[in-house]
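# Summary of the model geometry
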Amino acid sequence: MKCPFCHKDNDKVIDSRSSDAGRTIRRRRLCLSCNRRFTTHERVVDGYRLFVIKKDKGRVPFDRDKIIAGLQKACVKRPVSAEQIQQIADRIEEAIFRSYDKEVPSSVIGELVMKYLRAIDKIAYIRFASVYKDFKNPTELIDEVTRTLQQAEPVEQLRLFEQ
Ligand SMILES: [Zn+2]
């Protein structure tokens with residue numbers, strides 16, 4: 001498996017877990033070239049697919065890459081590593097597959113992305129929220145910023161990246 005950080009194909013599996021009621025196998029891999037860890041997901045190909053229901057009621061296949069793209073966009077020039085972005089995407093994906101079987105509202109995904117961004121980087125969170133929440137005027141944005149700054153750090157933040 002090609003390492004997402006150094007792009008070498010030289011890794012070993014350090015942990016395998018079945019999730020999503022056995023339909024997905026999650027493997028934690030260690031890149032032997034750069035020593036970083038990454039996660040791969042193997043899925044049964046035929047039949048099973050999770051769909052995202054968008055605000056306009058459109059239905060699109062769930063796509064982890066879209067979550068990563070959204071996270072990357074929010075984290076441009078912020079001190080959030082590619083590895084942390086992968087970890088957040090893992091957490092979001094696991095949370096979704098644990099609770100949703102066939103369809104998941106896009107709002108659930110948006111809320112999860114905001115939850116993790118808020119925990120890791122408030123600027124990235126505000127960026128994402130300002131697009132996602134579609135603030136109608138600067139006051140709404142300022143209110144959100146104020147609320148975010150007043151919020152106590154979620155306990156989860158402390159444990160998020162310890163694994
Ligand atoms: Zn590597």
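Structure first, text after, so check above.
About the thresholds
- Residues numbered from 1 in each chain as written.
- Predicted model: local features only at pLDDT ≥ 70, side-chain atom pairs only at ≥ 80, totals over all residues.
- Heavy atoms only, no water.
- Buried < 20%, exposed > 50% of the residue type's maximum accessible area, 1.4 Å probe, protein only.
- Helix = DSSP H or I, 4+ residues; strand = E, 2+ residues; numbered from the N terminus.
- Arc of directions from axis to C-beta.
- Polar contact = N/O pair within 3.5 Å; in protein donor to acceptor, adjacent residues only side chain to side chain.
- Contact = heavy atoms within 4.5 Å.
- Salt bridge = Lys/Arg side-chain N within 4 Å of Asp/Glu carboxyl O.
- Donors = N, O, S within 2.8 Å, 3.2 Å for Na, K, Ca; no water.
- Tetrahedral: all angles 85-135°; square planar, octahedral: opposite > 155°, others 65-115°.
- Pairing = 2+ DSSP bridges.

### Points about unusual backbone geometry
- Although it is not a glycine, K77 sits at a positive phi angle of roughly 60 degrees.
- Residues other than glycine seldom take positive phi values, yet D134 does so here, at roughly 55 degrees.
- Of the residues examined, D134 reaches a relative accessible area of 45% and is grouped as partly exposed.

### Thoughts on helix α1 (residues 64-74)
- Along α1, the positions that sit buried rather than exposed are R64, I67, I68, L71 and A74. The arc that holds every buried residue of α1, seen down its axis, measures 125 degrees, which confines them to one face. In α1, those exposed residues whose orientation departs by more than 90 degrees from the buried face are D65, K66 and K73.
- You can read the cap of α1 off the contacts: a side-chain oxygen lies 2.9 Å from the backbone nitrogen of D65, and it is on D63.

### Observations concerning helix α4 (residues 122-132)
- The complete set of buried residues in α4 reads A124, Y125, I126, F128 and A129.
- Of the surrounding elements, those touching the buried residues of α4 are α1, α3 (106-120) and α5 (138-150).
- One side-chain oxygen of the residue at the start of α4 lies 3.1 Å from the amide nitrogen of I123, identifying that residue as D121.
- D134 sits one or two positions beyond α4 and adopts a positive phi of about 55 degrees.

### Concerning the pattern of salt bridges
- Inspection of the entire model under this criterion finds eleven salt bridges.
- Of the charged contacts, one joins E144 and R147 as a salt bridge, the two residues approaching to 2.8 Å between their closest N and O atoms. Of this pair, E144 and R147 both sit in helix α5, separated by three residues, roughly a single helical turn.
- For E144, a relative accessible area of 4% translates into the label buried.
- Given a relative accessible area of 45%, R147 falls into the partly exposed group.

### Looking at the coordination of the zinc ion
- Protein coordination at the zinc ion: the donors are C3 (SG), C6 (SG), C31 (SG) and C34 (SG), at 2.2 to 2.4 Å from the metal.
- One way to put it: the four donor atoms around the zinc ion meet at angles of 107 to 116 degrees, and that makes the site tetrahedral.
- Sequence spacing of the donor residues for the zinc ion, all on one chain, is C-x2-C-x24-C-x2-C. One end of the pair, C3, is in the segment before β1 (11-19); the other, C34, is in the loop between β2 (24-31) and β3 (37-43), with 31 residues separating them in the sequence.
- A residue is classified by how much of its surface remains accessible, and C3, at 1% relative accessible area, is buried.
- A relative accessible area of 24% means that C34 is categorised as partly exposed.

### Some words on the pairing of β2
- Among the eight residues of β2, six are classified as buried, and the element is accordingly described as predominantly covered.
- In terms of strand pairing, β2 meets β3 through seven bridges, oriented antiparallel. Directly across from I25, in β3, lies its bridge partner E42.
- Two successive antiparallel strands, β2 and β3, enclose a turn made up of five residues, where N35 displays a positive phi of approximately 70 degrees.

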